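Coordinates in review
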Amino acid sequence: MHSDETPTETQRNPAPAPLQRGHLSRAARESQRKDQFIATVAHELRNMMAPLDSALELLEQGQRDPELVGRALPVARRQVRHLCHLVDDLLDIGRIVNDQLVLERTVLVLQQMVEETAAACGPMFQARHQQLTLRLDPTPAQVRGDAVRWAQIVTNLLHNASKFTPAGGFVEIVLKVDPDGRSAELRVADNGCGIAPSELESIFGIFRRTRTRPGLGIGLAVVRRLVELHGGTIHAESAGPNLGAAFVVRVPLLPEAPPVCPAAIQITRP
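The following refers to the structure shown. (Residues numbered from 1 in each chain as written. Predicted model: local features only at pLDDT ≥ 70, side-chain atom pairs only at ≥ 80, totals over all residues. Heavy atoms only, no water.)

Let us look at the environment of D137. You can see D137 is positioned in the loop between β2 (131-136) and β3 (142-145). We classify D137 as buried; its relative accessible area is 16%. When the C-alpha atoms of D137 and L175 are compared, they prove to be 5.7 Å apart, with 38 residues separating the residues in sequence. In terms of polar contacts, D137 uses its side chain to reach the backbone amide nitrogen of T139, at 2.8 Å. Here the side chain of D137 touches V177 through a polar contact of 3.1 Å, landing on its backbone nitrogen. (Helix = DSSP H or I, 4+ residues; strand = E, 2+ residues; numbered from the N terminus. Buried < 20%, exposed > 50% of the residue type's maximum accessible area, 1.4 Å probe, protein only. Polar contact = N/O pair within 3.5 Å; in protein donor to acceptor, adjacent residues only side chain to side chain.)

Before going further, it helps to examine a positive patch on the surface. Taken together, the side chains of R77, R78, R81, R128 and K163 define a basic patch exposed on the protein surface. Considering every element that reaches the positive patch, the biggest residue donor is helix α3 (residues 66-97), with three residues. For K163, the position within the fold is in helix α5 (residues 147-163). The class of K163 is partly exposed, set by a relative accessible area of 45%. (Patch = residues over 30% accessible without salt bridge, like charges linked within 9 Å, V, L, I, M, F, W, Y side chains within 5 Å. Areas by Shrake-Rupley, 256 points an atom, 1.4 Å probe, with all protein chains shown as cover. Salt bridge = Lys/Arg side-chain N within 4 Å of Asp/Glu carboxyl O. Lys, Arg positive; Asp, Glu negative; His and termini not counted. Charge placed at Lys NZ, Arg CZ, Asp CG, Glu CD.)

What follows deals with the packing of helix α4 (residues 110-127) against α5. Where α4 meets α5, the axes come as close as 9 Å, and the angle between the chain directions of the two elements is 40°. Comparing their axes, α5 and α4 come out oblique. You can see that α4 and α5 cross each other, and the crossing is right-handed. Touching L110, M113, V114, T117, A118, C121, M124 and F125 of α4 are A147, W150, A151, V154, T155, L158, H159 and S162, all from α5. By residue class, the composition of the contact of α4 with α5 is 12 nonpolar, four polar and no charged. (Axes fitted to C-alpha atoms, helices over the stretch in contact; angles between N-to-C directions. Parallel < 35°, antiparallel > 145°, perpendicular 65-115°, else oblique. Left-handed = near helix turned anticlockwise from the far one by under 90°. Contact = heavy atoms within 4.5 Å. Nonpolar A, V, L, I, M, F, W, Y, C, P; charged D, E, K, R; others polar.)

By the definition in use, this model includes one aromatic pair. Aromatic pair F204 and F247: ring centres 5.9 Å apart, planes at 85°, arrangement edge-to-face. Of this pair, F204 sits in the loop between β5 (183-190) and α6 (218-229) while F247 sits in strand β7 (residues 245-252); the two residues are 43 residues apart in sequence, bridging distant segments of the chain. For F204, a relative accessible area of 4% gives the class buried. Over the ring of F204 we find R224; its NZ or CZ atom is 4.3 Å from the centre of that ring. (Phe/Tyr/Trp six-rings, centres within 6.5 Å; stacked < 30°, edge-to-face > 60°. Lys NZ or Arg CZ within 6 Å of the ring centre and 35° of its normal.)

Here you go:
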């Protein structure tokens, strides 16, 4: 039986169904994480600018005082490097979100990349009175990758390890080539503050903060994406808070490799 009644406005244009509570809460959590991220960026920038401002004041006061200049210049240089590092990571986060990261691939030997990057990071470990040790497999780990991005991977892992390791602590880089020569493992370990088991995966997330390792954490998000673009994987290991941590990168190697190095490389940097 058909009704002759004219449909009401509500019947013709029914109200949209309400969003699921789960969708709302997820969107709210994501918005909150972004707000916290922006606030943390502002806090980090302010922390970097304050020592730089103080160093510039010392330089202004000590134009004819070599002692004051000698104290101020290293502080200014260090803070400028930190600022550049942070800005680079922020730019890369934007590229990651928009899927715009592009690699310029050449044939590289990871041992050489690790040595050069560790040498560049040496002053950071010296300033924090930490020991950096390299243990590199004698079999060259040859990859097709972006030299600048590989340096960024190692640099970010070293910065992360140093940041969460106390003065007098140690950081170790171990590079191993698998017996079949198809892949290599790069491990950066420290004896610092460690990571809670529940945070071993979330520590790589963009706009996510962790309790055991506070701060921006964007360096690790950048590292994971760069490793994935090179066909590799990365994961974190830790026995828990205050028990140190390790970040383990595995990447495929090129089938062709240069001749085997005559001996293993071990470098200790103060």
